[in-house]
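Breakdown of the fold
The primary structure of each chain is shown beneath.
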Amino acid sequence: MTEIIKGREIADKIYERLRKESDDLKEKGIDPVLAVFQVGKKPEDEAYKRSILNGAKKAGVDVRELGFPESASTDDVLSMINIVNGSRKIHGILILRPLPPDMDEAGIIEAVSPQKDMDGCTGSSMISLYRGRGEGHGPCTAEAVMEIIRSRIEDLKGKKAVVIGRSTVIGKPVAMMLLRADATVTICHSGSGDIGEILEGADIIVAAAGRPEVVKGPFREGQMVIDVGINEVDHRLVGDVDMAAAEGVVAYITPVPGGVGSVTSAVLMDHVIQSAAAYGVAGEEPFIPDEIDKAQPGFF
């Protein structure tokens, strides 16, 4: 029988711990704060932001929403990133992506201080992930995958893991995290050809292909399947895994929606609180909404 792993249950345990850590910091005069940069008002950004705000409330994190109109320039965003980088009262930065095509997204990402890069986007954060040391955090979704795996499999040493997808946001980071946990990792992608034998031999399958229901097995008993994909098909959300083919065969699987996404927001809040604990200071600092408006009058 297949267990459907609900992300909310794992996330709630994380939030319970984070709330205690946040309260301890506040007793010391440190209020964990996340700055969320948003350009325009895309529906998917609004949905993610609602999830962030909900998670922040549970974790005891304050969120400053820094919104720019579609007409904003790269320099407008860079100017505010520099202000936030220099603020001792803002502990994390998250940039909702993708940015408009006429913006220098790579330049904007690299302008974020590694200490405040909450989603492992900067080059420094990626280097620390691959080296296993340094400043920065891993990408939130990749860490959420690891949280889910460890909720059911504590010791990954010797486990055979297959990661489907090679993006720098999910596929490659998850593979590195699994390697650091002593799993034996295979990365499959669009150029891999027939991966049926590889899938059947895996203990853990992480599907991050970015295509609806493309992972159809073969599956076998005892496997854990983590579906990172989220795709809209006929006005409904589906993952990268063919749920009908996997359910009833594998031991564990995450649903879409309701799986990895719920844990991702909790991991984001964990990063903010970690940064506040490491770099936060008590006391007053002149960084308030009125001054944000003066610094960037184009906010919506």
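Throughout what follows, the structure given in this document is the object of discussion. (Residues numbered from 1 in each chain as written. Predicted model: local features only at pLDDT ≥ 70, side-chain atom pairs only at ≥ 80, totals over all residues. Heavy atoms only, no water.)

Some remarks on the sheet that holds strand 8 (residues 224-227)
Judged by pairing direction, the sheet is parallel, and its six strands sit side by side in the order 1-11-8-7-5-6 without closing on themselves. In the strand order of this sheet, the two ends are held by strand 1 (3-4) and strand 6 (184-188), each with one partner. When strand 8 meets strand 11 (residues 252-253), the two strands line up parallel, connected through two bridges. Paired with valine 225 across the strands is isoleucine 253, a residue of strand 11. Across the sheet, helix 7 (residues 171-180) is in contact with strand 5 (160-164), strand 6 and strand 7 (204-207); its angle to strand 5 comes to roughly 170 degrees. (Pairing = 2+ DSSP bridges. Helix = DSSP H or I, 4+ residues; strand = E, 2+ residues; numbered from the N terminus. Contact = heavy atoms within 4.5 Å. Axes fitted to C-alpha atoms, helices over the stretch in contact; angles between N-to-C directions.)

Focus on helix 2 (residues 43-59)
The terminal C-alpha atoms of helix 2 lie 24 Å apart, and with 17 residues this matches the ideal 24 Å at 1.5 Å per residue to within 8%. Of all the positions in helix 2, only Asp45, Lys49, Ile52, Gly55, Ala56 and Ala59 are classed as buried. With its buried residues spanning 125 degrees around the axis, helix 2 presents them on a single face. Exposed residues lying more than 90 degrees from the buried face of helix 2 are Pro43, Arg50 and Lys57. Tucked into the core, helix 2 has its buried residues touching helix 1 (7-27), strand 2 (33-39), strand 3 (62-68), strand 4 (92-95) and helix 10 (260-279). (Expected span 1.5 Å × (residues − 1). Buried < 20%, exposed > 50% of the residue type's maximum accessible area, 1.4 Å probe, protein only. Arc of directions from axis to C-beta.)

Observations regarding the packing of aromatic side chains
Overall, the coordinates contain one aromatic pair when judged by the stated rule. Judged by centre distance (6.2 Å) and plane angle (15 degrees), the rings of phenylalanine 37 and phenylalanine 68 are stacked. In this pair, phenylalanine 37 sits in strand 2 while phenylalanine 68 sits in strand 3, placing the two residues 31 residues apart along the sequence. Exposure class is identical for phenylalanine 37 and phenylalanine 68. Each is buried. (Phe/Tyr/Trp six-rings, centres within 6.5 Å; stacked < 30°, edge-to-face > 60°.)

It is worth stressing that arrangement in space is one thing and function is another; only the former is reported here.
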